[in-house]
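Observations on the three-dimensional arrangement
Listed below, chain by chain, are the residues.
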4 protein chains.
Amino acid sequence: MSSTLGTLYRVTTFGESHCKGVGAIVDGCPPGMELTEADIQPQLSRRRPGQSDLTTPRQEDDQVTIYSGTEFGRTLGTPIMLLINNKDQRPQDYGEMSRIPRPSHADFTYQMKYGVRASSGGGRSSARETIGRVAAGAIAEKWLRLTYGIEIVAWVSAVGDIEAPAVDLERISRPEVDATLVRCPDGAAAARMEERIKEILAAKDSTGGILTCVCRNVPVGLGEPVFDKLEARLAQAMLSLPATKGFDIGSGFAGTRMRGSMHNDLFVTKGGQLGTRTNHSGGVQGGISNGEPLVFRVGFKPVATIGLAQETVDFDGREVILEAKGRHDPCVVPRAVPIVESMAALVLLDLALQQRARRGSCPV
Amino acid sequence: MSSTLGTLYRVTTFGESHCKGVGAIVDGCPPGMELTEADIQPQLSRRRPGQSDLTTPRQEDDQVTIYSGTEFGRTLGTPIMLLINNKDQRPQDYGEMSRIPRPSHADFTYQMKYGVRASSGGGRSSARETIGRVAAGAIAEKWLRLTYGIEIVAWVSAVGDIEAPAVDLERISRPEVDATLVRCPDGAAAARMEERIKEILAAKDSTGGILTCVCRNVPVGLGEPVFDKLEARLAQAMLSLPATKGFDIGSGFAGTRMRGSMHNDLFVTKGGQLGTRTNHSGGVQGGISNGEPLVFRVGFKPVATIGLAQETVDFDGREVILEAKGRHDPCVVPRAVPIVESMAALVLLDLALQQRARRGSCPV
Amino acid sequence: MSSTLGTLYRVTTFGESHCKGVGAIVDGCPPGMELTEADIQPQLSRRRPGQSDLTTPRQEDDQVTIYSGTEFGRTLGTPIMLLINNKDQRPQDYGEMSRIPRPSHADFTYQMKYGVRASSGGGRSSARETIGRVAAGAIAEKWLRLTYGIEIVAWVSAVGDIEAPAVDLERISRPEVDATLVRCPDGAAAARMEERIKEILAAKDSTGGILTCVCRNVPVGLGEPVFDKLEARLAQAMLSLPATKGFDIGSGFAGTRMRGSMHNDLFVTKGGQLGTRTNHSGGVQGGISNGEPLVFRVGFKPVATIGLAQETVDFDGREVILEAKGRHDPCVVPRAVPIVESMAALVLLDLALQQRARRGSCPV
Amino acid sequence: MSSTLGTLYRVTTFGESHCKGVGAIVDGCPPGMELTEADIQPQLSRRRPGQSDLTTPRQEDDQVTIYSGTEFGRTLGTPIMLLINNKDQRPQDYGEMSRIPRPSHADFTYQMKYGVRASSGGGRSSARETIGRVAAGAIAEKWLRLTYGIEIVAWVSAVGDIEAPAVDLERISRPEVDATLVRCPDGAAAARMEERIKEILAAKDSTGGILTCVCRNVPVGLGEPVFDKLEARLAQAMLSLPATKGFDIGSGFAGTRMRGSMHNDLFVTKGGQLGTRTNHSGGVQGGISNGEPLVFRVGFKPVATIGLAQETVDFDGREVILEAKGRHDPCVVPRAVPIVESMAALVLLDLALQQRARRGSCPV
């Protein structure tokens, strides 16, 4: 299903960058939970453009309105439609420009796939599409927090080749992450990252980066082998985000270099339950959560829109020089933090409901 | 859906390591294609255990039988049931052993999730589950080859910290890959990998590794934004395989260190069509194939079953020393080659049919 | 999936009777089709309340706005969000009344299922929920008409025990149907139906009725055995409508009394193609359209809301007398005509796209 | 999904009439339930041909084997593959006969849809396909009985124009139904039905009939508005069976003639719970079970295969006389009894699991 994600908590997003609005329908939200726009707005605000001079200056308030599915501030268990109007609604034929597919953008592939494409901005491939996901994710996150005490925190762990040192996975919090503009909880690394981004902005270029995300208090038993294993669903969710090129969990690609005797997570008792001494598994074994923190990384490529001149060809194969006008995000990762958190929440709630269906009681 | 993958080409697998048999139902296979067991067996044979002294000595023929969905050697467009009997059918209570969850195996999580688990082997989390996928993938691959000329080739690009040099993506072939026991097309690297695996086997330990896979001649337009983008579906497919910890595509995690001006794939004309000068995108832009080769990597952790003694606890929290008996694969990646190829084929065919539904003609 | 219908043309509806708005997201609409609100509004207007003194006087304009998925009046192939604002937005606790589940309404079952329910009107079980379906169906219908020349016409064939005589299935048209307020193309029967409805309205009672629907020019080959056979999907679609109690196709329940020698539809040649002499099959054989007109019936129960006093009990089991205030539709079938047509269109388009995926060309 | 039914309890069937075998994969069966072939065989035996001289003499044992998903007689929560070998495996080109599409059979539509079809018997449109459904249904039924005490009983309520009188829905049982060969619990009606069937058999003709089915002890709350309402899912399930032409629930088509004041089911208290005085709703309100018995009817057309000569045309449009050889069921409804019961079980279990996911406890 292209624009719908999930089996029991199902999110269907809509909206292009310059149509009337963007948003989502959330179907399958458990009934009886307190919910108003105030539960959703904070993550939308963390995601919106124009938060600092590190990001795109496009001005959008991104105020969400709940159109259905709640009454007197409680969910009814029916579909929740979430609408965020676009301030910038200007579909227009860019003339000459529309004849040039931007390198490493979706212009060419959308045109070939659909035979038509949105004339301006990224259309459906724009980062604005993620607004519906974030709104839906905020609802999921609230339920997970109230029901299991789940905490989801993502942060910028690399910008270009600047890597942040490891953080304390048990304690890292959103306020710590938001303490710096680049959303890297290590102050020294954050300072270097900011400097790097400004330098790249000045050079009309862009950079990639990596997010790390931890989910704490995930109950044992989430993940549906064999095709909806927890890491499989997370990987799909993360790689469905614009500009992502990689996902790994626990020891990830680095773990491929280890020996089994070092990598295996030996069992120990933790507060009367079985836990593991190490967490190379990243909280998942056999595709199922094991009670340890989920830890995964998402790699983002450098932003495709750059001000530097690019030698490319137009749709007819004629050689052209392309220079993007205006200002764009030189680095997308700081704003991707709430998006990655939201996608994790969507996956976890959907799998939690499936496990509850199986075992019939709570906790799963 | 836990044991079903796909929207239009749907594969449902069944079978534990020691039940009567394993296999799959393929639903949605296009009608009228020539198909017999001989089309499926080669990939199953590349995947089966006991191929060399690098792998587990479990003896299984893994002969497939087509039970339905074909007649006179042609597909009917109806469900194809593929059955492979298990030679080793010995569900038995291992007594003491069954009280000890093996570290970094699925024993603990299956027991917690389902309240019951298969008594021997890995049950459903065993690599035998992948047999149904490989059989279904061989059918998909045949259709993709006949219809679009698609070629899918995977190989071992790393064993532990031994990395193979880059290969020629336009020419690499299965015979080249199969020329060495470790399925690494670079002879020198292959020799070092073999030596390493033997050394690790002798040490009763295990190692991880990385597969790289290329898909050539993929038509432009495959991938269904936003949640079924091509890379998202590939990531889910690969991370649903046992022992996988990471997936990246094109430049992947390494690309996060690049600048946009280096990373962007500039358009050029290739044989009258638009192509790209470089392929950092790995064949996909905006979640849709762009006609360049798909290139992605899959990271496998070191095998969890090792002969070395491990200090762990049993289900009741009592400290025990666990030593695995018998012989096991010290490195899973050589046998994973046909599995990764098969998963790629399943994803591509499903997305190709969806695109054909949209545009109504062939090629997509 | 509760609020989503379809595999390739997927409709997700939202909205309660008294929330901010109702509507739908259409995902999977083929790209490049001309589409504006003017294509959708006519069916919405045929469905809206207050069209005559036979129907509920609730005043709603039901003006649709396309929020996404089109540009310059053409579909982009991306999700189309259709929003219709509710004029009457007054969720309020009815106090005493909310303690009494209305007989044969959904008050009791919603309360038990969800533990909460919309305080006023029918919430999600209201007929207003069908607005999103009609909007989505109008889009589907346009595509089917442009691509295959499919014509879908429904009409009132019975009100209570007043049955209309058979119509000419090859010629019946919407203008003929709309010529009378009750939407029965037989003038004499229509007059008796109107009289009956007025009499029942005066008696503060209600009546049921039957719709018949024909779909002409459906290409051969639509329907996906075994669970998504054409009649199975139609039956689900129709029985998902409020107040429906029955569905039959072709000879239907009456055909159960026939002998095979009379019932079998013998083949003949029609314009160079195979057709059938009779059409007891109702256009479908083995779950697949055979090129003859699809003909089916949908039975609607009498409206549950009546002004007559009813002896019932409240949620605590206390005996009460319930008398509905205000005016309500005494008979729902005239307004159900565009709804049934829309559901047929949703099913046909979804199945047409699936068949096109299989065979790769047009017509299917 | 064509050969897969269900969201959480998912059944995928396979098999043609003359391939190696038929059966199903059941995915999502709750773990820990005792299950062996002995739980499944009784319903298969009630369904198999050759039970009496009223039915087809094709000899098939229809012995089921569980290939996976259980161990030591308990379900593992993993996919259960159920295989029933075909004794009669003789795909052969019937030569001349294969050029003549049998009237009101699926020969023509399968050929047109798939471009190929099984050469003998009905292929996938054969009643043998229902074997997998019955096997999967028997498992579902056991779980429903153990968990909720649900009882599902279907019977023949009409053969041609012979209608059985109403039965006591609270008490009707399978032994009563099986007491007569035609599976009509009313002895007098059964005798007339048998006589009629023999007469029709002698005349080389066939007849249709109606089944009625009751499901008792269904908990309140099953059914997922708006598209997976309980009656919608039942209607789809029943109309996906071969030879079905109609479905209605509760008062059904007859109820369309009633007035609301007679039709409404007034609430009363029953054992401390709310129930209804009458049950015109057939156990469902607003698409959700209300705790009263589910009651629905399924109409079957007369069997298409008859010995009488039929004037029809072959695939090339040449006029031919077709006379079916051999013996066939003159009336399918007695053997359809366990099939209808099984489909009801599949729907109820799938919806019960969805409701359990929502509310997290048992009973739903």
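Residues numbered from 1 in each chain as written. Chains lettered and ligands numbered in written order. Predicted model: local features only at pLDDT ≥ 70, side-chain atom pairs only at ≥ 80, totals over all residues.

Describing the overall build of chain A
For chain A, the count of helices and strands is nine helices and 18 strands. Against the globule reference of 21 Å for 364 residues, chain A gives a C-alpha radius of gyration of 21 Å, in line with a compact fold. Dimensions of chain A, computed from C-alpha atoms along their principal axes, come out at roughly 65 × 50 × 35 Å. (Helix = DSSP H or I, 4+ residues; strand = E, 2+ residues; numbered from the N terminus. Rg over C-alpha atoms; globule rule 2.2 N^0.38 Å.)

Remarks on helix H6 (residues 230-239) of chain B
Of all 10 residues that make up H6(B), 10 are buried, and the element is covered over most of its length. All of the buried residues along H6(B) are B:Leu230, B:Glu231, B:Ala232, B:Arg233, B:Leu234, B:Ala235, B:Gln236, B:Ala237, B:Met238 and B:Leu239. (Buried ≥ 20, exposed ≤ 12 C-beta atoms within 10 Å, placed from the backbone.)

A closer look at the sheet that holds strand S2 (residues 10-14) of chain C
Residue and element names in this part refer to chain C. In spatial order, the strands read S1-S2-S3-S7-S4; together these five strands make up an open sheet with antiparallel pairing. With one partner strand each, in any of the chains shown, strand S1 (4-5) and strand S4 (64-66) form the two edges of the open sheet. Where S4 meets strand S7 (residues 80-85), three bridges bridge the pair, whose relative direction is antiparallel. Bridging across to S7, Ile 66 finds its partner in Leu 82. Those strands touched by helix H3 (residues 130-148) are S2, strand S3 (21-27), S4 and S7, and its axis lies near 35° from that of S3. (Pairing = 2+ DSSP bridges. Contact = placed C-beta atoms within 7 Å. Axes fitted to C-alpha atoms, helices over the stretch in contact; angles between N-to-C directions.)

What about the interface of chain A and chain B?
Counting from both sides, the interface comprises 88 residues of chain A and, opposite them, 88 residues of chain B. For the side of chain A that touches chain B, the element with the most residues is helix H6 (residues 230-239) of chain A, which contributes six residues. Grouping the constituent residues of the side of chain A that touches chain B by class yields 34 nonpolar, 37 polar and 17 charged. (Nonpolar A, V, L, I, M, F, W, Y, C, P; charged D, E, K, R; others polar.)

Focus: the packing of helix H9 (residues 333-359) of chain A against helix H9 (residues 333-359) of chain D
It is the contact of H9(A) with H9(D), at a shortest axis distance of 7 Å, that shows an interaxial angle of 115°. Pair H9(A) / H9(D) crosses with right-handed handedness. Note on element contacts: H9(D) touches H9(A) through D:Leu353, D:Gln354, D:Arg356 and D:Ala357, opposite A:Leu353, A:Gln354, A:Arg356 and A:Ala357. Class assignment of the residues belonging to the contact of H9(A) with H9(D) gives a composition of four nonpolar, two polar and two charged. (Left-handed = near helix turned anticlockwise from the far one by under 90°.)

Describing the relation of the copies chain B and chain C
Two copies of one chain are present, and they are related through a rotation about an axis combined with an axial shift. Of the transformation placing chain B onto chain C, the axial shift is 0.0 Å and the rotation is 180°, giving an RMSD of 0.0 Å. In symmetry terms, the pair is related by a two-fold rotation axis. In terms of C-alpha distance to the rotation axis, chain B has B:Ala357 as its closest residue, with the C-alpha 2.0 Å off the axis. In this assembly, 100% of the residues forming the interface of chain B have copies in chain C that are likewise at the interface, indicating an isologous arrangement. (Least-squares fit on C-alpha atoms with pLDDT ≥ 70 in both.)

Notes on the relation of the copies chain A and chain B
Superposition record for chain A on chain B: RMSD 0.0 Å, screw rotation 180°, translation along axis 0.0 Å. Residue by residue, 100% of the interface of chain A is reproduced at the interface of chain B, so both copies engage with the same surface.

Some thoughts on the confidence of the model for chain A
For chain A, the mean per-residue pLDDT works out to 94, and 96% of the residues sit at or above 70. Reported for the predicted complex are a pTM of 0.97 and an ipTM of 0.97. (pLDDT = per-residue confidence, 0-100.)

Some details on the sheet that holds strand S3 (residues 21-27) of chain B
Each strand in a sheet pairs with another by means of backbone hydrogen bonds, the pair being arranged parallel or else antiparallel. Residues and elements named next belong to chain B. Taken together, five strands build an open sheet; the order of strands is S1-S2-S3-S7-S4 and the sheet is antiparallel. Here the strands that pair on one side only, and so sit at the sheet edges, are strand S1 (4-5) and strand S4 (64-66). Summarising the sheet, S1 and strand S2 (residues 10-14) pair through two bridges and their orientation is antiparallel. Bridge pairing in S2 places Leu 5 opposite Val 11. Relative to S3, helix H3 (residues 130-148) is tilted by about 35°, and along the sheet it contacts S2, S3, S4 and strand S7 (80-85).

Some thoughts on the nonpolar core
Counting residues in each nonpolar core, the largest one holds 409 residues, and the members touching the most others are A:Leu348, B:Leu348, C:Leu348 and D:Leu348. Once residues lying within four places of it in the same chain are set aside, the contact partners of C:Leu348 are C:Leu144, C:Ile150, C:Cys215, C:Val218 and C:Leu222. (Core = buried A, V, L, I, M, F, W, Y, C linked by C-beta atoms within 7 Å.)

Concerning unusual backbone geometry
Trans peptide bonds make up most of the peptide bonds, and negative phi angles are found at most residues other than glycine. Here the residue pair A:Pro225 and A:Val226 is connected by a cis peptide bond, since its omega of 5° sits within 30 degrees of zero. Secondary-structure assignment places A:Val226 in the loop between strand S10 (209-216) and H6. Although it is not a glycine, C:Lys204 sits at a positive phi angle of roughly 55°. Residue placement: C:Lys204 occurs in the loop between helix H5 (187-202) and strand S10 (209-216).

Topic: the pairing of strand S11 (residues 244-249) of chain C
When you tally the buried positions in S11(C), you get six out of six residues, the bulk of the element. Pairing geometry for S11(C) and strand S16 (residues 294-300) of chain C, over five bridges, is antiparallel. Residue C:Asp248 lies in a different strand from S16(C), and its bridge partner there is C:Arg297. Sheet topology places S11(C) next to strand S11 (residues 244-249) of chain D; three bridges connect them, and they run antiparallel. The residue of S11(D) that forms the bridge with C:Gly246 is D:Asp248.

Concerning H9(D)
All names here are of chain D. Between the first and last C-alpha of H9 there are 38 Å, a value that for 27 residues agrees with the 39 Å anticipated at 1.5 Å per step. By the criterion of burial, H9 is predominantly enclosed, with 27 of the 27 residues buried. Phi turns positive one or two residues past the end of H9, at Gly 360, with a value near 75°. (Expected span 1.5 Å × (residues − 1).)

Re the interface of chain B and chain C
Accessible area lost upon the coming together of the parts serves often as the stated size of an interface. Contact with chain B, which involves 12 residues of that partner, is made by 12 residues of chain C. Its residues placed into classes, the side of chain B that touches chain C shows five nonpolar, five polar and two charged.

So, the pairing of strand S13 (residues 273-276) of chain B
Residues in a regular strand point their side chains to alternate faces of the sheet. All names here are of chain B. Side chains of S13 alternate between two faces, with Leu 274 and Thr 276 buried and Gln 273 and Gly 275 left unburied. Pairing of strand S12 (residues 267-270) with S13, which is carried by four bridges, proceeds in the antiparallel orientation. What sits directly across from Thr 269, in S13, is Leu 274. Hairpin connection between S12 and S13: a loop of two residues separates the two successive antiparallel strands, and Gly 271 in this loop has a positive phi of roughly 55°.

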